[in-house]
Each structure stands twice: as C-alpha cells, then as structure tokens.
Amino acid sequence: APLDKTKPIYVAEKRPSVFKTKLDEEKWYAKIMERCTYGDKNEYGLFIPPSLVFFSQFGTVVDRISGGNEELIIRDVDYALNILLYDAMQRNKFIGIIKSRNVGFSVQGGGNFPLWFSTIFPGCTINMTSADQARITNLYRKALLPSWQGMPDAIRPDQVTQKNSDGEVGLMLRVNTIENNK
C-alpha cells in the first residue's frame, strides 16, 4: 500500500492502563525495549529506527507558546533525523547535519537522543552545546528535562544530580542495570 501522508509515519503501542500481573508489565516493557533497541516496522513495512521508536513511545514535546505538552506525532523530519543517526551508527561513521532553525532538531537532539542513548547504552556520556548559555538553558528546560520527567518510572534513568539555574544546567543520570543492583 502507498504511504498515506495524512497519517503519522509511526504510532507507538499504547501502554495498557492496567496489567493483570507484574510479570505482564515486565513482558510489555521488554517487548517495547526490544523495539527501542533494534527498531520496528510501520504498517507499510518501512523500517523505523530504534531511537524513533523510543521517541514515539516515551518522548515529550513542549508547546512553545503554552508550555504544556503537545500531542506527539512522528513527522517526516523526525524520521529523517533518526534514520540518519541509525545509518551512521551502523556504518560507525560521524554525521554532520546542516539545517534551518525551527525544524524540530532540538526536540530530537536535546531530548530524545540523550535519553535514548543513556537508556540503551548505559554508562555513555552525552554532552550538549549551543551558541550561548541562554540557548542551552532553553534546550535543557524545553527538551531534555520534560522528556526525562515524562518517562515511565519503570525505565526512567535515576537522577543523580540536577542543575537548573540560568548560569548552569545539567542532568546526570544513572541507568538501572544489573551492575548497580537495580
């Protein structure tokens, strides 16, 4: 079937509101995390990269005007950015992305990618930079922090430290692993 441009590229599987048992919940998260590690296919058979599955499942987008959470819709630009990252990782290559402002890269680069990397690759270090302190503070407050806060407790990395002043922002996370007895 041809791609229907009126529909999102990918729709996350909704988390059941109630699980019969703790084991059912664990199985559901295991299934979702497998997709977040290896990717998935949409209804047309298009490969959806793992970072985009993670974003569709656990991401948060903050409305620029109201400050509230927007409905999460996976767009073509989200797909393009995530497939570029996936392809670069598969080839073990670096990528450079030249883009205009207001494309949506801040949500991916400032919120989704750091949380996906820290969840799927425990122990990795992620550094973010920007043109000036005001922009990096905004990126932190509008992309990273809301996405981290919106993650379900079952997979949210532990907060180790948080800095949230106008002069210094940061969030140090520890992913729950067998090594740290969680």
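Each value, and the rule that gives it
- Residues numbered from 1 in each chain as written.
- Predicted model: local features only at pLDDT ≥ 70, side-chain atom pairs only at ≥ 80, totals over all residues.
- Heavy atoms only, no water.
- pLDDT = per-residue confidence, 0-100.
- Contact = heavy atoms within 4.5 Å.
- Axes fitted to C-alpha atoms, helices over the stretch in contact; angles between N-to-C directions.
- Helix = DSSP H or I, 4+ residues; strand = E, 2+ residues; numbered from the N terminus.
- Parallel < 35°, antiparallel > 145°, perpendicular 65-115°, else oblique.
- Nonpolar A, V, L, I, M, F, W, Y, C, P; charged D, E, K, R; others polar.
- Salt bridge = Lys/Arg side-chain N within 4 Å of Asp/Glu carboxyl O.
- Buried < 20%, exposed > 50% of the residue type's maximum accessible area, 1.4 Å probe, protein only.
- Phe/Tyr/Trp six-rings, centres within 6.5 Å; stacked < 30°, edge-to-face > 60°.
- Lys NZ or Arg CZ within 6 Å of the ring centre and 35° of its normal.

### Observations concerning the confidence of the model for the protein
- When pLDDT is averaged along the protein, the result is 82; 81% of the residues meet or exceed 70.
- Across residues 177–182, where pLDDT falls below 50, the model places 7 contacts with residues more than four positions away in sequence or in other chains.

### Here we look at the packing of helix H2 (residues 50–58) against helix H4 (residues 105–120)
- Close contact between H2 and H4 brings their axes to 10 Å; oriented N to C, the two are set at 105 degrees. Between H2 and H4, the crossing angle belongs to the class labelled roughly perpendicular. Between H2 and H4, the contacting residues are Pro-50, Ser-51, Phe-54 and Phe-55 on the first element and Val-107, Gln-108, Asn-112, Phe-113, Leu-115, Trp-116 and Thr-119 on the second.
- In the contact of H2 with H4, the residues fall into 7 nonpolar, 4 polar and no charged.

### Section: the pattern of salt bridges
- Counted according to the given criterion, the structure contains 9 salt bridges.
- Here Arg-35 makes a salt bridge to Asp-40, at a shortest N to O gap of 3.8 Å.
- For Arg-35, a relative accessible area of 22% translates into the label partly exposed.
- For Asp-40, a relative accessible area of 22% puts it in the partly exposed group.
- Here the residues in one salt-bridge network are Glu-13, Lys-31, Arg-35 and Asp-40, joined through shared partners.

### Topic: the packing of aromatic side chains
- Under the counting rule described, the total for this entry stands at 7 aromatic pairs.
- Ring centres of Trp-116 and Phe-121 lie 5.6 Å apart, and the angle between their planes is 90 degrees; on these two criteria the pair is classed as edge-to-face.
- Each member of the aromatic cluster is reached from another via a ring pair, and the members are Phe-19, Trp-28 and Tyr-29.
- For the cation-ring pair, Arg-156 lies above Trp-148, with the distance from its terminal atom to the ring centre recorded as 5.7 Å.

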